[in-house]
Amino acid sequence: MNGRAVANEFTKMRRLRVAPLVLIMVVGVVALTCVTFTAPGFLDSVDDPDARPWHWLLAGLALAVPLVSPILLAVLASRQVDMEHQGHGWLLNQVSGVTPGHLCRVKFLSMGALVAGATLAQSALVVALGRAVGISVDLPLGPWLGYTTAIIVVNLVLFALHLLVAARVPNQLVGLGLGVLGVFVTLAGTGMPLWSAHLLPPWGYYAVATPVDTDAGGVVALDPPYLSVLSLGIVGALVFLGVTRMFDRQET
Amino acid sequence: MGAVRAEFLKLKRSLSLVVVIALPVMAVVTGVANTLFSGQQPADGWHTLWLRVVVFYGLFPLTVGLAVLASLVWRVEHQGGNWNALMGRQVSSLRVVLAKTVVLTALALALQVVLVGGVTVAGKVAFDLPGFLPPRYLLVSLVIVVACVPVVALQSALSMVMRSFAAPVAVALPGAVAGVFLLMAGPSALSMALPYGLVGRATQLGTGAFADGGGVGAASVILLITAALGLTAVVVAGATAVLERVDVR
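Engineer: Is there a simple way to think about the overall build of chain B in this case?
Structural biologist: Within chain B one finds 11 helices and zero strands. Starting at the N terminus and ending at the C terminus, chain B contains elements arranged as α-α-α-α-α-α-α-α-α-α-α. The C-alpha atoms of chain B give a radius of gyration of 19 Å, which matches the 18 Å a tight globule of 249 residues would have. Judged by the C-alpha coordinates and their principal axes, chain B covers about 60 × 40 × 30 Å. Looking at chain B as a whole, 50% of its 249 residues are labelled buried. Looking at chain B alone, contacts between residues at least 24 apart form 78% of all its contacts between residues at least 6 apart.

Now the structure itself:
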């Protein structure tokens, strides 16, 4: 049943223009990260390990992801759920054996796979472009993979939140407004001490996951608390399952 | 005038006021919070506060906020049988497009008024800055509102064509990214030719950020206003031509 329901969601996505939206997310993040290439002296120091060109690029990625992702995740969740509100899809699915909570979980599985793939693609594309402009020093694989994994977790938790909001509130303004609010919370999180960014889930965790910082002396590698991001993922999953089970018990 | 009044009447039942208040207030709160957490007073008084609030606000949130407002203004036309009623209207397509643009410009003005009010209150209450916001930022605010006009005209056109509420907002975001990219790396003329780049430039006016020289000269103000009016004319003409060709559905 799950497999057919997921396949059905992918079929619905064709008319929702999900592919261009996911592409916008990837291109937006990569384009903003590429602004790093225009920094004075960056292209002259691609061979210098002391200049840490990959860390600069990672800093660019860590700035671009929270600026672009919250709004587009809100748009993706909104598009995916709005059709059920418009066409009485909740009732149709319920009489077909797919309860509202189940439908939300199916939507999360199908769109979540695309969100995770897009996040992975952003990271890989930035590495490929870094190589293309001639960065020859060793890629800091650990921080890069750690950040990519952490951002996949944060993006998925945020997407799940937007999915629940869109399912509960048919007015799309609320979901999109929350997305815009998220950009501000993320920005505020970057300027706060790390402990206080923990208090602003899930947006504050973009700042928690940031693996580099810049100061007057250049770029500094950090040791992000990945355990916090893992905790966010676990709590997010439990809340999502709990709320969608509640949807199952409510009348459509 | 009747078309504009009708649009304002439709606004009454939308949640546009929430956006108009929440968006600039969030920008001010974020700018103030970051300044407070840094543990420093605004080094250059009002200028630093303006810089901290408006530079980021102009790069992304303003564009996205205008896109949301445009979607809200057109939402009613896509519901029920309202689209067919619009197709059977007595006023010309140009007047419909202009009326929507005027209403959205009024909302952009309201956004800026709330922003200026918020910065003033934050400067006095949070940082006890002397005097009030310098008049040059009122002039900059006026330029920002004028620079918002081509953006709202373009977003209005997109919301007219797209029935989805969220899709035009999704278009605005890469538009804003392109605007930022052109501001930072592209030729100056190109950033003025893109509505999203133009509004970005207007919000940086007088701040010294990115391509801005830091001054508010007559030449740059006239250039920005001329570009905004020219872009608006082009977008409104295009939207009118599209509305002329669409039919009932």
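Moving on, there is more to tell.
Engineer: Any chance you could explain the packing of helix α7 (residues 135-161) of chain B against helix α10 (residues 195-204) of chain B here in plain terms?
Structural biologist: When two helices pack together, their arrangement is given by the angle between their axes and by how far apart the axes lie. All names here are of chain B. Running from amino to carboxyl end, α7 crosses α10 at an angle of 165°, the nearest separation of the two axes being 9 Å. Taken together, α7 and α10 sit at an angle that is classed as roughly antiparallel. In terms of crossing hand, the pair formed by α7 and α10 is left-handed. Here Val143, Ile144, Ala147, Cys148, Pro150, Val151 and Leu154 of α7 lie close against α10, whose contacting residues are Pro195, Tyr196, Leu198, Val199, Ala202 and Thr203.

Engineer: Any chance you could explain the interface of chain A and chain B here in plain terms?
Structural biologist: A common measure of how large an interface is: the accessible area buried when the components associate. Residue-level contacts link 28 residues of chain A with 29 residues of chain B. The dominant element in the side of chain A that touches chain B, judged by the number of residues it contributes, is helix α7 (residues 172-191) of chain A, at 11 residues. Grouping the amino acids of the side of chain A that touches chain B by side-chain chemistry returns 21 nonpolar, six polar and one charged.

Engineer: Would you explain unusual backbone geometry in this entry?
Structural biologist: Trans peptide bonds make up most of the peptide bonds, and negative phi angles are found at most residues other than glycine. Residues and elements named next belong to chain A. With omega at -5°, the peptide bond leading from Pro201 into Pro202 counts as cis. Along the polypeptide, Pro202 turns up in the loop between α8 (194-197) and α9 (204-208). The backbone phi angle of His88 is positive, close to 55°, even though this residue is not glycine. If you trace the backbone, His88 turns up in the loop between α3 (53-86) and α4 (89-95). A count of 10 C-beta atoms within 10 Å places His88 in the exposed class.

Engineer: Sorry, what's going on with helix α1 (residues 2-15) of chain A here?
Structural biologist: One turn of an α-helix holds 3.6 residues; hence residues three or four places apart share an orientation. Of all 14 residues in α1 of chain A, one are buried; the element is thus mostly exposed. A positive backbone phi angle near 55° is found at Arg17 of chain A, which sits one or two residues after α1 of chain A.

Engineer: Would you take a moment to explain helix α5 (residues 100-132) of chain A for this structure?
Structural biologist: All names here are of chain A. For α5, spanning 33 residues, the distance from its first C-alpha to its last is 47 Å, which sits close to the expected 48 Å at 1.5 Å a residue. Where α5 bends most, at Met111, the angle is about 30°. Directly after α5, the chain includes Gly134, whose backbone phi takes a positive value near 105°.

Engineer: What is the right way to look at the nonpolar core in this model?
Structural biologist: Nonpolar side chains tend to gather and get buried jointly when the protein is soluble and globular. The biggest cluster of nonpolar side chains holds 163 residues, and the ones touching the most others in it are Leu72 and Val154 of chain A together with Leu173 of chain B. For this core, the element with the most residues is α3 of chain A, which contributes 20 residues. Among residues more than four places away in sequence, those in contact with Leu173 of chain B are Ile24, Gly28, Val68, Ile71 and Leu72 of chain A together with Val64 of chain B.

Engineer: Looking at this structure, how should I read the pairing of strand β1 (residues 212-215) of chain A?
Structural biologist: For a regular strand, side-chain orientation follows a simple rule: the groups alternate between the two sheet faces. Residues and elements named next belong to chain A. In terms of strand pairing, β1 meets strand β2 (residues 218-221) through four bridges, oriented antiparallel. Each residue of the ladder has a partner; that of Asp213, found in β2, is Val220. Here β1 folds back onto β2, and the loop between the two strands holds two residues.

Rules used throughout
- Residues numbered from 1 in each chain as written.
- Chains lettered and ligands numbered in written order.
- Predicted model: local features only at pLDDT ≥ 70, side-chain atom pairs only at ≥ 80, totals over all residues.
- Helix = DSSP H or I, 4+ residues; strand = E, 2+ residues; numbered from the N terminus.
- Rg over C-alpha atoms; globule rule 2.2 N^0.38 Å.
- Buried ≥ 20, exposed ≤ 12 C-beta atoms within 10 Å, placed from the backbone.
- Contact = placed C-beta atoms within 7 Å.
- Axes fitted to C-alpha atoms, helices over the stretch in contact; angles between N-to-C directions.
- Parallel < 35°, antiparallel > 145°, perpendicular 65-115°, else oblique.
- Left-handed = near helix turned anticlockwise from the far one by under 90°.
- Nonpolar A, V, L, I, M, F, W, Y, C, P; charged D, E, K, R; others polar.
- Expected span 1.5 Å × (residues − 1).
- Bend = angle between axes of the 7 residues up to and from the residue.
- Core = buried A, V, L, I, M, F, W, Y, C linked by C-beta atoms within 7 Å.
- Pairing = 2+ DSSP bridges.

None of this, on its own, says anything about what the molecule does.
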